[in-house]
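Each chain, letter by letter, is given below.
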Protein chains: 2
Amino acid sequence: MPPTTSLPPGAAQAAHAIASGQATPGALLAEVQDRIRTQEPRLHAFAFLPGAEALDQQAARASRLTGGRLRGVPVAVKDVFDTADMPTAYGSAIWTGHRPRADAAAVALLRAAGAVLIGKTVTTEFASYTPGPTANPHDPERTPGGSSSGSAAAVASGMAAAALGTQTAGSMIRPAAYCGVVGFKPSFGMIPRAGLKPLAESFDTVGSFGRCVEDAALLAEVAAGLDAPLLPPDSAVPGFTIGLLRSDWEDDAEPAQRQALEDAAARLRRAGIAVRELPPPGIGWLNDRQGQAIAWETARAFAWEGMAHPEMLSAKFREICARGMAMTATEHRLVWLDIARARQVVSAMFEACDLVLTHSAPGEAPRGLDATGAPTFNRLWSVAGGPCLSLPFGRGPNLMPLGVQLAAARGQDGLLLAAARRAEAILAAG
Amino acid sequence: MPPTTSLPPGAAQAAHAIASGQATPGALLAEVQDRIRTQEPRLHAFAFLPGAEALDQQAARASRLTGGRLRGVPVAVKDVFDTADMPTAYGSAIWTGHRPRADAAAVALLRAAGAVLIGKTVTTEFASYTPGPTANPHDPERTPGGSSSGSAAAVASGMAAAALGTQTAGSMIRPAAYCGVVGFKPSFGMIPRAGLKPLAESFDTVGSFGRCVEDAALLAEVAAGLDAPLLPPDSAVPGFTIGLLRSDWEDDAEPAQRQALEDAAARLRRAGIAVRELPPPGIGWLNDRQGQAIAWETARAFAWEGMAHPEMLSAKFREICARGMAMTATEHRLVWLDIARARQVVSAMFEACDLVLTHSAPGEAPRGLDATGAPTFNRLWSVAGGPCLSLPFGRGPNLMPLGVQLAAARGQDGLLLAAARRAEAILAAG
């Protein structure tokens, strides 16, 4: 991948350039279109790209607006969000060519703020496991991660200034790490889900990708319909403590990933941030349990697809649905008792520290495009329902990007973003 | 309204009659169609009724099935659920003639169990306040309640053997009381919401109407994709205690309603059930707070409608959206702190008793079709997220039906239904 200095500006910079008259929506669009022309043929990040005329109309509309926090900013949206002017297929042949009548709420909120919707990004089948064609911008023979594969790859390669994704198990934090971008999963429910195809509604969370913390924060706060920035000014951030979590799945982390986490903790400490070690929480069973809870809900959410078009579901997806339908109500109740226990464990963590620092993914993006890697280090945070964020940090033995994850208690989105911005500066400074 | 003995059978009886060969799907369908012919012109319970041929095909399909817990049972579905073979307008002119590509998950699960979908029932605008044309079967000059207006009226008048509805504030329990039927709102999340138009996703809950507890339980357990009945056999029900709640809104209950609650408690006591008085919880502010939480979410969920078709929203709906968008993030956070407090109050109630007995509605269905009554006694239970159920009991001064509400802790759906079935028998015996 070319050096990032040649990339079109990220969301915050683009918004600022337009608001201050240094750039026009049309000029920014042209930059991104150039980038798409060169990168998309090798990355396949988009499920749909509108024609030049439709994009020009969007840019012209943005030019006529007098305000809008994303005026003229070219953003991309995972193809699990309905769009009225672009087909929406949810990563499944069952829905090929589907034309929703309305935009999803989060999309409408982006447009209301003046965003230019540059395209729909590739998702795995229904934001589950079976991948689309997207390649990792850092090595096209490796997965970008999933399920938000295209959003992560588009942001990493400069084909979008920021992008919306979703996470149910590890669908944002892992691809963010694999692609070397910031992935931000806000508190559960912060960004509206109307017009989003549900996978497992107890966990499905809308979030954002950006090339820096500020980009991801800007997109998320607009998609949430917030009246004020989530990210407080630097001067308003109180001190915070970080708990370093070597989780119950530590053996699944590659040596380089473990080293990156240690290095990140050491650098934050050297910068004067209090970093203390947390004991392993002893909830190694949680990942299985979340898988079961998701299977139960997925089986039900896709009852229509399962009845009407079973042959168009992947074998893996059919297996998940079959497993979910085979569970008894008693098993389901027990799964949720364990999930409640895990949530208590996380609550206790945030009595000992303000933020948790842990792995974003097991390590480098795996080779091959037939799988998207494992959500091992993500499920707990999808269960907890608080905000979490992946910061790019370090490289693996194949020079692929690695990521470290920061997490906070539910509702502490502003604190998480502020701490992440500070960590971002510290980790970048070396 | 004619005596109920002349009504077509309810869901449980119909399912049994077909399973045992005493009736055919075609014969049951014909009974319901007769009923629709005479009642629908005065009640306007349906937003859409399929043609005779389409219904015959459904009945023929049901006849060919060898199993299915709702085989051949004619059910109706509130027009906020997507249906692939019937238009779905969510009670709004914006969506008139909308043809979803798929069935909502709950609808698909009913069909998988062999149900015949008799039609889509009238909802208020987007399951919010502005009513449709539906009249109360007990007095067509009075509201059936809402937002699940048509489902309650259709079940009360025998035009459906059971029906799906939704509740966000008081949209099932209140219309059930006004129409003299059983309304069952299961635990939050029990019935899948995929393909349901969201109003306020923190509260939107799918539930069922039936003419008796068994009917409502059967529809809900099938729509939830459960493998076993929610309603345990009578022999398996343990003893339970009931807390009698004269809530913080007691002044809003009409004298006849207050009397009905006292009478119900007295009858249950005489039947040997432990009924103890609960202290007023002291959370009179909760109803306002839920209104604010809903406004916040509604404003965001309908961002597309608000941008694309503001003139087609009712003034009331626009006002809710404007109020929700005007809230600051800080106000929203405070609302949710209060909601968390209210949830703790409810949890404490269920440490003092197994079930709470309280009002379903302020009293009789109000006169006029321009409003659907007040969710005063419902919001707390929509906030709590546990199951609740309205049992018809008593009559008001205008001989309109009244209802009493039973509620249980989240997850205690089986206990609630078992207690409700027992209470139903006791209250019917007098």
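The written sequence of each chain sets the order in which its residues are numbered from 1. Here chains are named by letter from A upward and ligands by number from 1 upward, in the order in which they appear as written. Totals for whole chains, interfaces and linings use all residues, but because this is a predicted model, local features are given only for residues with pLDDT of at least 70 and pairs of side-chain atoms are given and counted only at 80 or more. Processing note: side-chain calculations cover all non-hydrogen atoms of the structure and skip hydrogens and water entirely.

## Remarks on the overall build of chain A
- A run of DSSP states H or I qualifies as a helix once it reaches four residues; a run of E qualifies as a strand once it reaches two. Both are numbered from the N-terminal end. When its secondary structure is counted, chain A shows 14 helices and 11 strands.
- Overall, chain A is about 60 × 55 × 40 Å in size when its C-alpha atoms are taken along their principal axes.
- Per-residue burial over chain A gives 62% buried out of 430 residues.
- Note on contacts: a residue pair is in contact if any heavy atoms of the two residues lie within 4.5 Å. Restricting to contacts in chain A with at least 6 residues of sequence separation, those with at least 24 account for 79%.
- For the accessible areas, the method is Shrake-Rupley and the probe is 1.4 Å, while residue cover comes only from the protein chains on display. Looking at chain A as shown, the accessible area adds up to about 14,500 Å², and 54% of this sits on carbon and sulfur atoms.
- Positive and negative side-chain charges in chain A, numbering 38 and 40 respectively, have mean positions lying 1 Å apart. Here's how the labels work: a residue is buried when its accessible area is under 20% of the maximum for its type, exposed when over 50%, partly exposed in between, all with a 1.4 Å probe on protein chains only. Only four residue types enter the tally: Lys and Arg on the positive side, Asp and Glu on the negative side, with His and both chain ends excluded. Here the site of a charge means NZ on Lys, CZ on Arg, CG on Asp, or CD on Glu.

## Overview of the nonpolar core
- In plain words, nonpolar cores are sets of buried Ala, Val, Leu, Ile, Met, Phe, Trp, Tyr and Cys residues tied together by side-chain atoms within 4.5 Å. Core analysis: the largest hydrophobic core is formed by 118 residues, its most contacted members being A:Trp381, B:Phe81 and B:Leu110.
- By convention here, the domain bounds are inherited from an automatic or database domain assignment. A domain split of this core shows at least three residues from each of domain 1 (8–226) and domain 2 (238–284 + 335–429) of chain A.
- With sequence-adjacent residues up to four places away left out, B:Phe81 is seen in contact with B:Thr88, B:Ala104, B:Ala106, B:Val107, B:Lys120, B:Leu164, B:Gly165, B:Thr166, B:Gly195, B:Leu196 and B:Val206.
- Counting 117 residues, the second-largest nonpolar core is a separate cluster that includes A:Ala14, A:Ile18, A:Leu164 and A:Ile426.

## Examining the packing of aromatic side chains
- A pair of aromatic rings is counted whenever rings of Phe, Tyr or Trp (Trp by its six-membered ring) have centres within 6.5 Å, and the orientation is called stacked for planes under 30 degrees apart, edge-to-face for over 60 and tilted otherwise. Under the counting rule described, the total for this entry stands at 14 aromatic pairs over all chains.
- Arranged with centres 5.2 Å apart and planes meeting at 75°, the rings of B:Tyr90 and B:Trp95 form a pair that is edge-to-face.
- For B:Trp95, a relative accessible area of 5% gives the class buried.
- An aromatic cluster of three or more residues is present, and its members are A:Tyr90, A:Trp95 and A:Trp304.
- Over the face of the ring belonging to B:Trp296 we find B:Arg300, whose NZ or CZ atom lies 3.4 Å from the ring centre.
- Charge-over-ring contacts are defined here by two conditions on Lys NZ or Arg CZ: a distance within 6 Å of the ring centre and an angle within 35 degrees of the ring normal. Sitting over the face of the ring of B:Tyr129, B:Lys316 holds its NZ or CZ atom 4.6 Å from the ring centroid.

## Examining unusual backbone geometry
- For the peptide bond that leads from A:Gly146 to A:Ser147, omega is 10°, which places it in the cis range.
- Mapped onto the elements of the fold, A:Ser147 is located in the loop between strand 3 (116–121) and helix 5 (149–156).
- Even without being a glycine, A:Leu399 presents a positive backbone phi close to 65°.
- For A:Leu399, the location among the structural elements is in the loop between strand 10 (388–395) and strand 11 (401–408).
- By relative accessible area, A:Leu399 is classed as exposed at 61%.
- If you check the backbone angles, B:His44 has positive phi at about 50° while not being a glycine.
- When you line up the elements, B:His44 lands in the loop between helix 2 (25–43) and strand 1 (46–48).
- Residue classification places B:His44 among the partly exposed residues on the basis of a relative accessible area of 35%.

## Focus: the environment of A:Ala194
- Looking at the secondary structure, you find A:Ala194 in the loop between strand 5 (182–185) and strand 6 (205–210).
- Along the backbone, A:Ala194 and A:Val107 are 87 residues apart, and their C-alpha atoms lie at a distance of 9.8 Å.
- In this structure, A:Ala194 is in contact with A:Ala104, A:Ala105, B:Pro198, B:Glu201 and B:Ala301, ignoring residues within four places of it in sequence.

## Describing the domain arrangement of chain A
All names here are of chain A.
- Domains assigned within chain A are domain 1 (8–226) and domain 2 (238–284 + 335–429).
- Here the C-alpha centre of domain 2 lies 24 Å away from the C-alpha centre of domain 1.
- Contact with domain 1, which involves 41 residues of that partner, is made by 48 residues of domain 2.
- Buried area is a sum: the accessible area each of two parts loses on coming together, probed at 1.4 Å, counted once for each and added. Counting each side, the surface lost to burial between domain 1 and domain 2 is near 3,400 Å², with a carbon and sulfur contribution of 59%.
- It is Arg 142, Tyr 178 and Val 213 that lose the most area in domain 1 upon contact with domain 2, and together they represent 21% of the buried surface on that side.
- A pair is scored as a salt bridge if a Lys or Arg side-chain nitrogen falls within 4 Å of a carboxyl oxygen belonging to Asp or Glu. At the boundary of domain 1 with domain 2, the tally comes to 0 salt bridges.
- Counting of polar contacts relies on pairs of N or O atoms within 3.5 Å, with two restrictions inside protein: one atom must be capable of donating a hydrogen and the other of accepting it, and residues adjacent in sequence are counted only when both atoms are side-chain atoms. At the junction of domain 1 with domain 2, the criterion picks out 20 residue pairs in polar contact (both at pLDDT 80 or more).
- Breaking the side of domain 1 that touches domain 2 down by element, the ones donating at least two residues are helix 6 (173–179), strand 5 and helix 7 (213–223).
- Considering each element in turn, the side of domain 1 that touches domain 2 owes the most residues, 6 residues, to helix 6.
- Just so you know the grouping, Ala, Val, Leu, Ile, Met, Phe, Trp, Tyr, Cys and Pro go in nonpolar, Asp, Glu, Lys and Arg go in charged, and all remaining residues, Gly too, go in polar. By residue class, the composition of the side of domain 1 that touches domain 2 is 21 nonpolar, 15 polar and 5 charged.

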